[in-house]
Amino acid sequence: MNRHYIFLLQFIAMKRMYVVLVLASVLSACIPDLPTEEFSSETNPALENYFAAFEREAALRGFDINLADHDLISTIDEIEEDGVAGTCHYNSQESNRITIDLSFWRSANTSTRELVVFHELGHCVLFRDHLEDENNQNTCLSIMNSGTSGCNVRYANNREYYLDELFSLD
Ligand SMILES: [Zn+2]
């Protein structure tokens, strides 16, 4: 299973489809009652425990985060790109969107699921970029690594360390 590991956190920075927004504007001009600028926040029920854990771990480190306030749509769905476990798309004009790959989800244990969900929340909620630092044991120093640098995340045995690092925000 380890041979797929470095791809698990690969993050695809897809550009937003502005064309869709333009079409929506045209449509709303024809339909006066269509609500505009309405954000929606939806969480796949399978992710709720992980989201609650994220809020709890944030609170333990002094951050008051309520994910329901974050305009976040989260889904578990097949991601076409091989080896990508999750993506975060963010845009100031729309709800942020987290997608967790269904095949990954079915095969992963609780710890690895948490790792990927927290990584995507790191992008979409904490607005963190990738960080590729590693130590001389080839261990990633952050769960915000991209999965492409070749370091290994040893999350299950070092959860407290990684969560301290995740929430060490400026
Ligand atoms: Zn990422």
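Just above sits the structure.
Owing to the predicted nature of the structure, the values given are computational and were not obtained by experimental measurement. (Residues numbered from 1 in each chain as written. Predicted model: local features only at pLDDT ≥ 70, side-chain atom pairs only at ≥ 80, totals over all residues.)

A. Representation of the overall build of the protein within the structure. Within the protein, the secondary structure is distributed over five helices and four strands. For the protein, the α and β elements follow one another from N to C terminus as α-β-α-β-β-β-α-α-α. Residue burial in the protein is summarised as follows: out of 170 residues, 29% are buried. By sequence separation, contacts in the protein at least 24 residues apart represent 58% of the contacts at least 6 residues apart. (Helix = DSSP H or I, 4+ residues; strand = E, 2+ residues; numbered from the N terminus. Buried ≥ 20, exposed ≤ 12 C-beta atoms within 10 Å, placed from the backbone. Contact = placed C-beta atoms within 7 Å.)

B. Focus on the environment of Ala156. Structurally, the position occupied by Ala156 is in the loop between helix 4 (110-124) and helix 5 (159-166). With 41 residues separating them in the primary sequence, Ala156 and Leu115 have C-alpha atoms 8.9 Å apart.

C. Geometry of the sheet that holds strand 3 (residues 86-89). The mixed open sheet is built from four strands, whose spatial order is 1-2-4-3. Strand pairing shows two members of the sheet lacking a second neighbour, strand 1 (42-43) and strand 3, which therefore form its edges. Against the sheet, helix 4 contacts strand 2 (72-77), strand 3 and strand 4 (96-101), and its axis sits at roughly 15° relative to strand 3. (Pairing = 2+ DSSP bridges. Axes fitted to C-alpha atoms, helices over the stretch in contact; angles between N-to-C directions.)

D. Quick peek at the nonpolar core. In terms of nonpolar packing, the biggest core is built from 30 residues, with Phe54, Ile100, Val117, Phe118, Ile143 and Leu166 touching the most fellow members. Counting only elements with at least two residues in this core, the list comes to helix 2 (48-60), strand 2, strand 4, helix 4 and helix 5. Looking at this core element by element, the count peaks at six residues for helix 4. Every residue in contact with Phe118, bar those within four places of it in the chain, is listed here: Phe54, Ile143 and Leu166. (Core = buried A, V, L, I, M, F, W, Y, C linked by C-beta atoms within 7 Å.)

E. Quick look at the packing of helix 2 against helix 4. Running from N to C, helix 2 and helix 4 cross one another at 65°; their axes reach a closest spacing of 10 Å. Helix-helix and strand crossings are classified by hand; for helix 2 and helix 4 the assignment is right-handed. Touching Tyr50, Ala53 and Phe54 of helix 2 are Arg113, Glu114, Val117, Phe118 and Leu121, all from helix 4. Classifying every residue of the contact of helix 2 with helix 4 by side-chain character gives six nonpolar, no polar and two charged. (Left-handed = near helix turned anticlockwise from the far one by under 90°. Nonpolar A, V, L, I, M, F, W, Y, C, P; charged D, E, K, R; others polar.)

F. Structural view of the pairing of strand 2. Side-chain alternation along strand 2 places Leu72, Ser74 and Ile76 on a buried face and Ile73, Thr75 and Asp77 on a face that remains uncovered. Of the pairings in the sheet, the one linking strand 1 to strand 2 comprises two bridges and is parallel in character. Of the residues in strand 2, the one forming a bridge with Glu42 is Ile73. Between the parallel pair strand 1 and strand 2, the chain is carried across by helix 2, and the sense of this crossover is left-handed. (Right-handed = clockwise from strand over helix to strand, strands pointing away.)

G. A look at helix 4. Along its 15 residues, helix 4 runs 21 Å from first to last C-alpha, staying within 8% of the 21 Å computed at 1.5 Å per residue. For helix 4, the tally of buried residues reaches twelve of 15 residues, placing the bulk of the element in the interior. All of the buried residues in helix 4 are Arg113, Glu114, Leu115, Val116, Val117, Phe118, His119, Glu120, Leu121, Gly122, His123 and Cys124. For helix 4, the secondary structure elements touched by its buried residues are helix 2, strand 2, strand 3, strand 4, helix 3 (102-107) and helix 5. (Expected span 1.5 Å × (residues − 1).)

H. View of the environment of Leu121. Along the chain, the position of Leu121 falls in helix 4. Linking Leu121 and Cys88, residues 33 residues apart in sequence, is a C-alpha distance of 7.7 Å. Among all residues touching Leu121, those that are not within four sequence positions of it are Phe54 and Leu126.

I. Structural detail: helix 5. Those residues of helix 5 not exposed but buried are Tyr162, Leu163 and Leu166. Angular distribution of buried residues about the axis of helix 5 spans 100°; they occupy a single face of the element. Buried residues in helix 5 make contact with helix 2 and helix 4. (Arc of directions from axis to C-beta.)

Scope: geometric values only; no functional claims are made or implied.
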